[in-house]
Amino acid sequence: MKDSKPLFKGLICKECSARYNPEPIHVCEQCFGPLEVEYDYEAIAPLISRDIIQSRAPNMWRYRELLPIQGDVTVGEHVGFTPLVKADRLAAKLGVRELWIKNDSVNYPTLSFKDRVVSVALTRAKEFGYDTVACASTGNLANSVAANAAAAGLNSFVFIPSDLEPGKVLGSSVYGTNVIGIEGTYDQVNRLCSEIGGRFPWAFVNINMRPYYAEGSKAMGYEIAEQLGWKLPDHVVVPMAGGSLITKIKKSFDEFVKLGIVDAHPTHIHGAQPENCSPIVTAVKEGKDFFRPVEKPNTIVKSLAIGNPADGFYSIQTMNETGGYGENPNDDEVVEGIRLLAEYAGVFSETAGGTVVGAAKRMIEAGRINPDESIVLCITGHGLKTKEALEGKLPPPAAIKPSLKEFEALYAARTH
Ligand SMILES: Cc1ncc(COP(=O)(O)O)c(C=O)c1O
Ligand SMILES: [Zn+2]
């Protein structure tokens, strides 16, 4: 790839289609709409095929022609290609025939899908010559920026709401980054970061790097298609915070169809948010094109607690255009979802995954997901990061003396 012509043309405004050079910018000067990467699909088509992809290493860079960097991958070259697991026991429990788990809770290196977006954003930040990277985060993004910046030798600042789970905070500070806790909601953190970004010459991965960063999420969709045997599923259930991932799953499927890598297929793309922070799902349920921001999110699902989602409008479009729907399980259903996933599929997810399972369960029960069709659940982060969600919810371990007699008594009690 080195010194080859970039396969992306530049940036294009999602609203007015104004075009821009591929700079570290994210807002249209004409209409303030968000900017998105634009590719030269004619130039890409001869360079990518099923065979070419399969000949490459098992990481997300096997789709590199469709990711917006100009030279070689310099940050996160091992990210992606997480398992797509057929979950037959969970399928039976939920009363469906074909259920898959896209398990990004084992993504490298920080156990969430955010490693995908950060790999692209930091590689691109290095191409622009930045020495300091930063982000506004609900936790997982901060973990990934901190780890990948450490590995790449970049300075980093991560800005988070100060009330995040201890596991999420520690999962950033261990890398020696600057962790800045803000007394406020994520939306307040984000606003502050926009001001800081105007004052300091840094690569803010989800602000001035956002067009590049966001494209990293497409790799999750490419992998789902490839791992299903070059087929698109009937349903995908995606967790939403800022609402970027769900739009990029759609874009990934559309691009694979456009390039002839998979056959066109109508996938229903559904979104999941927790009950007390569900601006996007509420809009979909009410049949509205616009969402009402949630001022004070109040949920155990802190990773999805974004009250004013940057891509909320486009997420609503994604669900409506694909015949998808949205659901917003409450905290108890989220915990039940985490337990179902663990007990019936052996996957320990964070609260976002519980939200996805809870949402899927509701949609199956309501007949919005046909039980005879194929379903993929996007599980995006690891459960050890949000242990407190299960506090007091699981039986304590049995405690006995190191004595065979005591064990025999316990065994007898349990088997009667
Ligand atoms: C575990 C997890 N899943 C899903 C999301 C949602 O991503 P997006 O902001 O692209 O909607 C996040 C965002 O922070 C997350 O941490
Ligand atoms: Zn514009």
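The present account deals with the structure reproduced in this document. (Residues numbered from 1 in each chain as written. Chains lettered and ligands numbered in written order. Predicted model: local features only at pLDDT ≥ 70, side-chain atom pairs only at ≥ 80, totals over all residues. Heavy atoms only, no water.)

1. Remarks on the environment of methionine 60
And step 1. For methionine 60, the position within the fold is in the loop between α2 (50-54) and β4 (84-86).
And step 2. Judged by relative accessible area, methionine 60 falls into the buried class, the value being 0%.
And step 3. C-alpha separation for the pair methionine 60 and leucine 84, spaced 24 residues apart in sequence, amounts to 14 Å.
And step 4. The residues contacting methionine 60, other than those within four sequence positions of it, are Leu67, Val79, Gly80, Phe81, Arg116, Ser119, Val120, Gly216, Ala219 and Glu223. (Helix = DSSP H or I, 4+ residues; strand = E, 2+ residues; numbered from the N terminus. Buried < 20%, exposed > 50% of the residue type's maximum accessible area, 1.4 Å probe, protein only. Contact = heavy atoms within 4.5 Å.)

2. Remarks on the layout of surface pockets
And step 1. Volume-wise, the second largest pocket comes out at about 320 Å³.
And step 2. Surrounding the second largest pocket, 14 residues form its lining, Glu36, Thr247, Lys250, Lys251 and Asp254 being those nearest its centre.
And step 3. Where the lining of the second largest pocket is concerned, the elements lending two or more residues are α10 (244-258) and α12 (312-322).
And step 4. In terms of residue count, α10 provides more of the lining of the second largest pocket than any other element does, seven residues in total.
And step 5. For the lining of the second largest pocket, the class distribution of residues is two nonpolar, three polar and nine charged.
And step 6. Summarising the domain contributions, the lining of the second largest pocket has at least three residues from each of domain 1 (8-76 + 114-213) and domain 2 (84-110 + 217-390). (1 Å grid on protein atoms, 1.4 Å probe; cavity = no way out; pocket = protein on both sides within 12 Å on 5 of 7 lines; lining within 4 Å. Points joined across faces, edges and corners; volume = space filled by probe spheres on them. Nonpolar A, V, L, I, M, F, W, Y, C, P; charged D, E, K, R; others polar. Domains from an automatic or database assignment.)

3. Quick look at the coordination of the zinc ion (ligand 2)
And step 1. Bound to the zinc ion (ligand 2) are the protein donor atoms Cys13 (SG), Cys16 (SG), Cys28 (SG) and Cys31 (SG), situated 2.3 Å from the metal.
And step 2. Taken together, the four donor atoms coordinating the zinc ion (ligand 2) and their angles of 100 to 116 degrees define a geometry best described as tetrahedral.
And step 3. All donors of the zinc ion (ligand 2) come from a single chain, and their spacing in sequence reads C-x2-C-x11-C-x2-C. (Donors = N, O, S within 2.8 Å, 3.2 Å for Na, K, Ca; no water. Tetrahedral: all angles 85-135°; square planar, octahedral: opposite > 155°, others 65-115°.)

4. Examining the packing of helix α5 (residues 140-152) against helix α6 (residues 166-173)
Each pair of packed helices gets described by two things: the angle between the helix axes and the distance between those axes.
And step 1. At a minimum axis separation of 8 Å, α5 and α6 run at an interaxial angle of 15 degrees. It follows that α5 is roughly parallel to α6 by the angle criterion. As for how α5 packs across α6, the hand of that crossing is left-handed. Residues Asn140, Ala142, Asn143 and Ala146 of α5 form the contact with α6, whose own contacting residues are Lys168, Gly171 and Ser172. (Axes fitted to C-alpha atoms, helices over the stretch in contact; angles between N-to-C directions. Parallel < 35°, antiparallel > 145°, perpendicular 65-115°, else oblique. Left-handed = near helix turned anticlockwise from the far one by under 90°.)

5. Considering the site of ligand 1
And step 1. The environment of ligand 1 is formed by 16 residues, the closest being Asn140, Gly242, Gly243, Leu245 and Thr380.
And step 2. Here threonine 380 contributes a side-chain N or O atom positioned 2.6 Å from a nitrogen atom of ligand 1.
And step 3. Starting from 390 Å² of accessible surface for ligand 1 in isolation, the protein chains cover 96%.
And step 4. Residue composition of the shell around ligand 1, grouped by class: seven nonpolar, seven polar and two charged.
And step 5. Two domains share the shell around ligand 1, each providing at least three of its residues, namely domain 1 (8-76 + 114-213) and domain 2 (84-110 + 217-390). (Near = heavy atom within 4 Å. Polar contact = N/O pair within 3.5 Å; in protein donor to acceptor, adjacent residues only side chain to side chain. Areas by Shrake-Rupley, 256 points an atom, 1.4 Å probe, with all protein chains shown as cover.)

6. Here we look at the side chain of serine 137
And step 1. Following the sequence through the fold, serine 137 ends up in the loop between β6 (132-136) and α5.
And step 2. From its side chain, serine 137 meets the backbone nitrogen of leucine 141 in a polar contact 3.4 Å long.
And step 3. At 2.9 Å, the side chain of serine 137 and the backbone nitrogen of alanine 142 are in polar contact.
And step 4. Setting aside residues up to four positions removed in sequence, serine 137 forms contacts with Ala142, Phe159, Ile160, Pro161 and Tyr186.

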